[in-house]
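# A closer look at the structure
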Amino acid sequence: MVPYDENRLKFLMRIAYLECFSGMSGDMFLGALVDAGVPAKLLEDTVAALGVGARLEISRVMRAGISATKVDVWVDGEKDMPREEFWVKKNEKKDSQTHSHPEHDHEHSHDHGHSHDHGHSHDHSSKEPAAHAHSHRGLTEIRKIISAAKISDAAKKTAISIFETLGAAEAKIHNIPVEKVHFHEVGAIDAIVDIVCAAVGSEALGVDEIVASSLNVGGGTVECAHGTFPVPAPATLEILKGVPVYSSGVQAELVTPTGAAIVRTLTRRFSALPSMKMEKSAYGAGSRDFPGHPNVVRLVIGEATANLAAKTVYEKISVLEANIDDLNPQVFGYVMDRLLEEGALDAFGIPVQMKKNRPGTLLTVLCKPEDANKLTQLIFTETTTLGVRVREEVRQALSRRWESVQTQWGEVRIKIASMNGTVTNYAPEYEDCKRIAAERHVPLKTVMQEAARAYQGAPTKP
């Protein structure tokens, strides 16, 4: 038995706190990451790995007297532009093409600094002109672009999840299946760059948890592809359901759909500033400079000691249930795997006795609320059930983090659960151990035992 080491079980949890007092957009988040120490070269290499013909421009700017880092995306020699400039340019272009090629007037918009046209997608049944095809991408194509990039698997999963959050919002607004949503604005190259860099950069930040404040959404109206809407825009409003928001009175769009999706996906909880020992603060700038209102997002990084570390977390989840009595058991196993691959937090089956005394299985899926529609469609598609029950519940969960250890056969991740700053459970990641056991022809239990010893710091057996 591995000896209990109380000192080893104590740890310092690193927290990143996003203060969204001027909202959130993709470029603001990237600016804050760079300002906090994430290497600019890492983000530049990430953009190159996407192979979409984009590049980053990183600079220092002032916003109402606050020095901040600004990140801009250049695509085909053009830099992202504020919403107002975009619509002026668009209308000028439309006027010049009225008598020649009116059908070629497709919006090319960008998600930067609260001032662009976002998140209004359409189910295009007709073909688009080739010259504009790059800004009209479906979720399937976006997944392929991200999956082909040379970034970590975890970052790929995060980036795809952010886009799926956007897609789910658009599907709900337009009442179409998510796979038919075409991101003809959010899916532009600059937004893909923002989202993938956000996933890579947040991973490089090296924190155990990202917490966010309430979001200042701004006010007034915003001109979108479907007309003029009150702030927040429809997609932003849908994404931020259940998230604390407010308006300080600034008459501008302060939270963009991409910014909302990034915060919703990366942030575990929303609260006031957590108790922490602060190490650094960083600022990411938006495109506009409001008089008397710093248009920045602030990122505070620090450590919560064992006495201050996060206690159990209350989080909202969706529970999906379906009774199944006429499905091949082999297919049921496949469905379970697919549900987990598509983002389910957990999935399991319980034997039940159904009507007419038929034996069946109660399929239960736990997931994030934003994934409920997607996973419900998967259940309908892959099983024989005629109905899925959906409800929301509050889950109390221990704080969790990952740590990697080295064994004589390679690296293994350890999943660690804690309460009040003390580790209560830890376990080697099964998939890592399974892979090593198969590749090195070592018993699985031996790999798992050595990984546990490595985590505890105990000497390994020869």
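Residues numbered from 1 in each chain as written. Predicted model: local features only at pLDDT ≥ 70, side-chain atom pairs only at ≥ 80, totals over all residues. Heavy atoms only, no water.

### Focus: the overall build of the protein chain
A tally of helices and strands in the protein chain yields 12 helices and 21 strands. Looking at the protein chain as a whole, 51% of its 462 residues qualify as buried. Within the protein chain, contacts between residues at least 6 apart in sequence are counted, and of these 72% link residues at least 24 apart. A total accessible area of about 21,500 Å² is found for the protein chain, and carbon and sulfur atoms account for 53% of it. (Helix = DSSP H or I, 4+ residues; strand = E, 2+ residues; numbered from the N terminus. Buried < 20%, exposed > 50% of the residue type's maximum accessible area, 1.4 Å probe, protein only. Contact = heavy atoms within 4.5 Å. Areas by Shrake-Rupley, 256 points an atom, 1.4 Å probe, with all protein chains shown as cover.)

### Let's talk about the pairing of strand β20 (residues 410-419)
With 9 bridges connecting them, strand β19 (residues 399-407) and β20 associate as antiparallel partners. Counterpart to Ser399 in the pairing with β20 is Ser418. In this structure, the hairpin formed by β19 and β20 is closed by a connection of 2 residues. Strand direction decides the pairing type here: β20 and strand β21 (residues 422-428), joined by 6 bridges, are antiparallel. Within β21, the residue paired with Ser418 across the bridge is Val423. (Pairing = 2+ DSSP bridges.)

### Some points on unusual backbone geometry
For the peptide bond that leads from Val231 to Pro232, omega is 0 degrees, which places it in the cis range. Relative to the helices and strands, Pro232 resides in the loop between β10 (227-230) and α7 (234-239). Even without glycine at this site, Ala64 takes up a positive phi of about 55 degrees. Here Ala64 is to be found in the loop between β2 (54-63) and β3 (66-75).

### Some details on helix α12 (residues 444-456)
Compared with an ideal rise of 1.5 Å per residue, which puts 13 residues at 18 Å, α12 spans 19 Å between its outermost C-alpha atoms and is within 8% of the ideal. Within α12, burial applies to Val447, Glu450, Ala451, Ala452, Arg453, Tyr455 and Gln456. Contact partners of the buried residues in α12: β19, β20, β21 and α11 (430-440). Looking at the residues trailing α12, positive phi occurs at Gly457, about 80 degrees. (Expected span 1.5 Å × (residues − 1).)

### Quick word on the packing of helix α5 (residues 153-174) against helix α8 (residues 257-266)
The N-to-C vectors of α5 and α8 enclose an angle of 125 degrees; their axes lie 9 Å apart at closest approach. As the angle between them shows, α5 and α8 are arranged oblique. Crossing handedness for the pair α5 and α8: right-handed. Of the residues in α8, those in contact with Thr158, Ser161, Ile162, Thr165 and Leu166 of α5 are Pro257, Thr258, Ala261, Ile262, Thr265 and Leu266. The residue inventory of the contact of α5 with α8, partitioned by class, reads 6 nonpolar, 5 polar and no charged. (Axes fitted to C-alpha atoms, helices over the stretch in contact; angles between N-to-C directions. Parallel < 35°, antiparallel > 145°, perpendicular 65-115°, else oblique. Left-handed = near helix turned anticlockwise from the far one by under 90°. Nonpolar A, V, L, I, M, F, W, Y, C, P; charged D, E, K, R; others polar.)

### Re the environment of Val211
Residue position: Val211 is located in strand β7 (residues 209-212). Taking the C-alpha atoms as reference, Val211 lies 7.0 Å from Ser271; in sequence the two are 60 residues apart. The contact partners of Val211, leaving out residues within four places of it in the chain, are Ile15, Ala16, Tyr17, Leu18, Thr267, Arg269, Ser271 and Pro274.

### Comments concerning helix α6 (residues 189-204)
The end-to-end C-alpha separation of α6 is 22 Å, in line with the 22 Å expected for 16 residues at 1.5 Å each. The element α6 is extensively covered by neighbouring structure, given that 14 of its 16 residues are classed as buried. Taken from the residues just after α6, Gly206 is the one with a positive phi, measuring 70 degrees.

### Things to note about the pattern of salt bridges
Following the criterion strictly, the structure yields 22 salt bridges and no others. Here the salt bridges do not stand alone but share partners, grouping Arg143, Glu164, Asp371 and Lys374 into one network. (Salt bridge = Lys/Arg side-chain N within 4 Å of Asp/Glu carboxyl O.)

### Brief notes about the packing of aromatic side chains
This model, assessed by the stated rule, comprises 1 aromatic pair. Ring centres 4.8 Å apart and planes at 45 degrees place the aromatic pair Tyr426 and Tyr455 in the tilted group. Here Tyr426, found in strand β21, pairs with Tyr455, found in helix α12; they are 29 residues apart in sequence, far enough to count as distant. Tyr426 gets classed as partly exposed once you look at its relative accessible area, which sits at 29%. Sitting above the plane of the Trp402 ring, Arg413 keeps its charged end 5.3 Å from the centroid. (Phe/Tyr/Trp six-rings, centres within 6.5 Å; stacked < 30°, edge-to-face > 60°. Lys NZ or Arg CZ within 6 Å of the ring centre and 35° of its normal.)

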